[in-house]
Amino acid sequence: MITKKIKLGNIREVEAFNQICSKFTCDMDLSSGKYYVNAKSIMGIFSLDLEMPLELMADTNDEAAIEEAFKEFLCS
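This one's a predicted model, so the numbers in the text were calculated from it and none came from an experiment.

### A word on helix H1 (residues 11-23)
Here is step 1 of the chain: In a regular helix each residue adds 1.5 Å, so 13 residues correspond to 18 Å; H1 covers 19 Å between its end C-alpha atoms and thus fits that length.
Here is step 2 of the chain: Here the buried face of H1 lies against strand S1 (2-6), strand S2 (28-32), helix H2 (42-46), strand S4 (54-58) and helix H3 (63-69).
Here is step 3 of the chain: Among the residues of H1, the N-terminal cap falls to asparagine 10, whose side-chain oxygen and the backbone nitrogen of arginine 12 are separated by 3.1 Å.

### A look at the nonpolar core
Here is step 1 of the chain: Core analysis: the largest hydrophobic core is formed by 21 residues, its most contacted members being Phe17, Met28, Leu30, Leu56 and Phe70.
Here is step 2 of the chain: Of all the elements in the fold, those that place two or more residues in this core are S1, H1, S2 and S4.
Here is step 3 of the chain: With four residues, H1 is the single largest residue contributor to this core.
Here is step 4 of the chain: Setting aside its immediate chain neighbours within four residues, leucine 30 contacts Ile6, Phe17, Tyr35, Tyr36, Val37, Ala39, Ile45, Leu48, Leu54, Glu55, Leu56 and Met57.

### Structural notes on the pattern of salt bridges
Here is step 1 of the chain: Counted under the stated rule, the structure contains three salt bridges.
Here is step 2 of the chain: Across the pair lysine 4 and glutamate 63 runs a salt bridge whose closest N-O atoms are separated by 2.8 Å. Taken together, the residues lysine 4 in strand S1 and glutamate 63 in helix H3 connect sequence positions 59 residues apart.
Here is step 3 of the chain: Across the pair lysine 71 and glutamate 68 runs a salt bridge, and its minimum N-O distance is 2.9 Å.
Here is step 4 of the chain: Lysine 71 gets classed as exposed once you look at its relative accessible area, which sits at 53%.
Here is step 5 of the chain: Here the residues in one salt-bridge network are Lys4, Glu63 and Glu67, joined through shared partners.

Reading guide: rules and limits
Residues numbered from 1 in each chain as written. Predicted model: local features only at pLDDT ≥ 70, side-chain atom pairs only at ≥ 80, totals over all residues. Heavy atoms only, no water. Helix = DSSP H or I, 4+ residues; strand = E, 2+ residues; numbered from the N terminus. Expected span 1.5 Å × (residues − 1). Contact = heavy atoms within 4.5 Å. Polar contact = N/O pair within 3.5 Å; in protein donor to acceptor, adjacent residues only side chain to side chain. Core = buried A, V, L, I, M, F, W, Y, C linked by side-chain atoms within 4.5 Å. Buried < 20%, exposed > 50% of the residue type's maximum accessible area, 1.4 Å probe, protein only. Salt bridge = Lys/Arg side-chain N within 4 Å of Asp/Glu carboxyl O.

The following block contains the structure:
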């Protein structure tokens, strides 16, 4: 399981992020506080507080692929 902090600033970023998630075969979840949603569900993503950084949890061991795919969304 790989965990990364991400930030989604607007609707276009949410759509792009969701499309990238959908390309992965592993399970991907997003959390904001105590709320967890499927990162492949755009409605789920919009139910979270997008003003705060989110936590992406990818059920894979390929950290390089995750970092490359989501590099524009990662928090510094």
